[in-house]
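What follows is the residue order along each chain.
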Amino acid sequence: MIIFHTSYVEIPKPDIMHSRVEVDFGRGFYTTPLIGQAEKWGEKFRRKGKGAFINQYDFNEDALSRCSLLCFDSYSEEWLDFIVNCRRGADKTDYDIVIGGVANDKVFNTVELYCDDLIDKEEAIKRLRYEKPNAQIAFRTQPIIDKYLTFEGSWSL
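Residues numbered from 1 in each chain as written. Predicted model: local features only at pLDDT ≥ 70, side-chain atom pairs only at ≥ 80, totals over all residues. Heavy atoms only, no water.

Draft legend 1. The pattern of salt bridges, seen in detail. Counting across every chain of the model gives five salt bridges. Note that D62 is salt-bridged to R66, the shortest N-O span being 3.8 Å. For D62, a relative accessible area of 38% puts it in the partly exposed group. R66 gets classed as exposed once you look at its relative accessible area, which sits at 57%. A salt bridge links E77 to K121; the nearest nitrogen and oxygen atoms lie 3.9 Å apart. Here E77, found in helix α3 (residues 77-87), pairs with K121, found in helix α5 (residues 121-128); they are 44 residues apart in sequence, far enough to count as distant. Connected through shared salt-bridge partners, E77, D81 and K121 make up one network. (Salt bridge = Lys/Arg side-chain N within 4 Å of Asp/Glu carboxyl O. Buried < 20%, exposed > 50% of the residue type's maximum accessible area, 1.4 Å probe, protein only. Helix = DSSP H or I, 4+ residues; strand = E, 2+ residues; numbered from the N terminus.)

Given below as structure tokens:
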């Protein structure tokens with residue numbers, strides 16, 4: 001499977017050491033199978049006056065049956081609980097890979113309202129159901145990255 005990671009630099013050897021901890025699926029190397037989403041992420045770097053590179057990788061899907069995997073097929077209560085735990089730095093799971101929807105700006109606002117107890121879980125899930133399809137794959141362990149991701153090149157936006 002071809003996947004993409006957007007950054008302000010080329011990343012031929014991805015690692016999790018340079019990632020932030022309190023993000024959607026916790027510390028990891030974040031990718032997407034959607035080129036349009038990768039290009040949109042690049043716009044964030046460009047707005048800040050930086051360069052933007054889309055890095056392309058081949059992901060050997062054998063990893064999905066050989067690692068500890070968590071996959072969210074939709075925005076759900078389980079997805080919301082997991083995102084909230086990760087963003088609060090309270091995630092204690094040891095998944096190698098987590099796949100699911102992105103908490104984009106609009107989604108993030110809903111998550112924040114829920115975290116601040118301004119809306120309940122039912123209302124949060126209701127709002128999340130109407131989001132555009134998106135996808136992220138977070139590689140959370142270095143051995144999985146090293147074994148199953150192959151850098152294929154990059155290009156600037």
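Draft legend 2. How the structure looks around the nonpolar core. Counting residues in each nonpolar core, the largest one holds 23 residues, and the members touching the most others are F25, F72, W79, L80, F82, V107 and V111. Counting residues per element, the ones that place at least two in this core are α3, α4 (105-115) and α5. Per-element tally for this core: the top contributor is α3, with six residues. Ignoring anything within four residues of it in the chain, the contact list for L80 reads V111, Y114, K121, A124 and I125. With 16 residues, the next largest nonpolar core counts I11, Y57, I97 and L149 among its residues. (Core = buried A, V, L, I, M, F, W, Y, C linked by side-chain atoms within 4.5 Å. Contact = heavy atoms within 4.5 Å.)

These values are about where atoms sit, not about what they do.
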